[in-house]
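Residue-level structure breakdown
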Amino acid sequence: MRLRAIDPACLTDIERAARFLYLQRLAFGGKVVGRSFGVSTTTPARFNLARLRAMLAAIRDRLQPVVIEQLPYADFIRRYDRPGMLFYLDPPYWNCEGDYGADVFDRGDFERLAEQLRAIRGKFLLSINDTPEVRAIFADFPMREVGVTYTISAAATGNGQRVGELLIANFALDDAAGSSAPG
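Residues numbered from 1 in each chain as written. Predicted model: local features only at pLDDT ≥ 70, side-chain atom pairs only at ≥ 80, totals over all residues. Heavy atoms only, no water.

Concerning the nonpolar core
- One finds Phe 87, Leu 89, Leu 117, Phe 124, Leu 126, Phe 138 and Ile 168 to be the most contacted residues of the largest nonpolar core, which totals 21 residues.
- Elements with a contribution of two residues or more to this core: helix H4 (73–80), strand E1 (86–89), helix H5 (107–118), strand E2 (123–129), helix H6 (132–137) and strand E4 (161–169).
- In terms of residue count, the dominant contributor to this core is H5 (4 residues).
- Of all hydrophobic cores here, the second largest spans 5 residues; its members include Ala 18, Leu 21, Phe 47 and Leu 52. (Core = buried A, V, L, I, M, F, W, Y, C linked by side-chain atoms within 4.5 Å. Buried < 20%, exposed > 50% of the residue type's maximum accessible area, 1.4 Å probe, protein only. Helix = DSSP H or I, 4+ residues; strand = E, 2+ residues; numbered from the N terminus.)

Shown next as structure tokens:
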């Protein structure tokens, strides 16, 4: 909680990176806004201070060729859309629009996103929870049901929750694209 309360603007780049990494590794679901924390008595700690330098070096090396943008999704898609591009989209789940912070993504953004995706030159693959509303909004696109296990709360219960999600794309989703329907 002490690290969460520190203003990142007062830290060096390395201190800010270490703080962010620590908070992200220990927060439920990797949330940046509204983080909550817990402990597990059955699994090893998710952060090892003795390995911090090695973790930061590995992250630095992994991100070396990566371009990081902080743009609204519509601007990002417009900037990078071209033939041969593949967008992987992971919007907030339906009924969870506020999970990433206020005014980041609202209910109307699902319709705006679907409309934009109808016109792109590249390809996209979107994953989202399976709801009637999502199916209606993205009805123009191929969909595949997939079974997934939510593990965010598994540390507390020891079990994951098996649920159905959808893969939605602007290309054919054959059997190799995903697992079978939930079950």
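Quick notes on the sheet that holds strand E3 (residues 143–150)
- Pairing within the open sheet is mixed, and its 4 strands lie in the order E1-E2-E4-E3. The open sheet has two edge strands, E1 and E3, and neither has a second partner. In this sheet, neighbouring strand axes are inclined to one another by 20° on average, regardless of whether the strands run parallel or antiparallel.
- Bridge count for E2 against E4 is 5 bridges, and the pairing is antiparallel. If you follow Leu 126 over to E4, its bridge partner there is Ile 168.
- In the packing of H5 onto the sheet, the strands contacted are E1 and E2, and the crossing angle to E2 comes to about 155°. (Pairing = 2+ DSSP bridges. Axes fitted to C-alpha atoms, helices over the stretch in contact; angles between N-to-C directions. Contact = heavy atoms within 4.5 Å.)

What about the packing of H4 against H5?
- For the pair H4 and H5, the least separation of the axes is 11 Å and the interaxial angle reads 10°. When the interaxial angle is binned, H4 and H5 end up roughly parallel. Together, Tyr 73, Ala 74, Ile 77 and Arg 78 of H4 and Asp 109, Arg 112, Leu 113, Gln 116 and Leu 117 of H5 make up the contact between the two elements.
- A per-class count over the contact of H4 with H5 returns 5 nonpolar, 1 polar and 3 charged. (Parallel < 35°, antiparallel > 145°, perpendicular 65-115°, else oblique. Nonpolar A, V, L, I, M, F, W, Y, C, P; charged D, E, K, R; others polar.)

Fair warning: the whole summary comes from geometry, so function is off the table for now.
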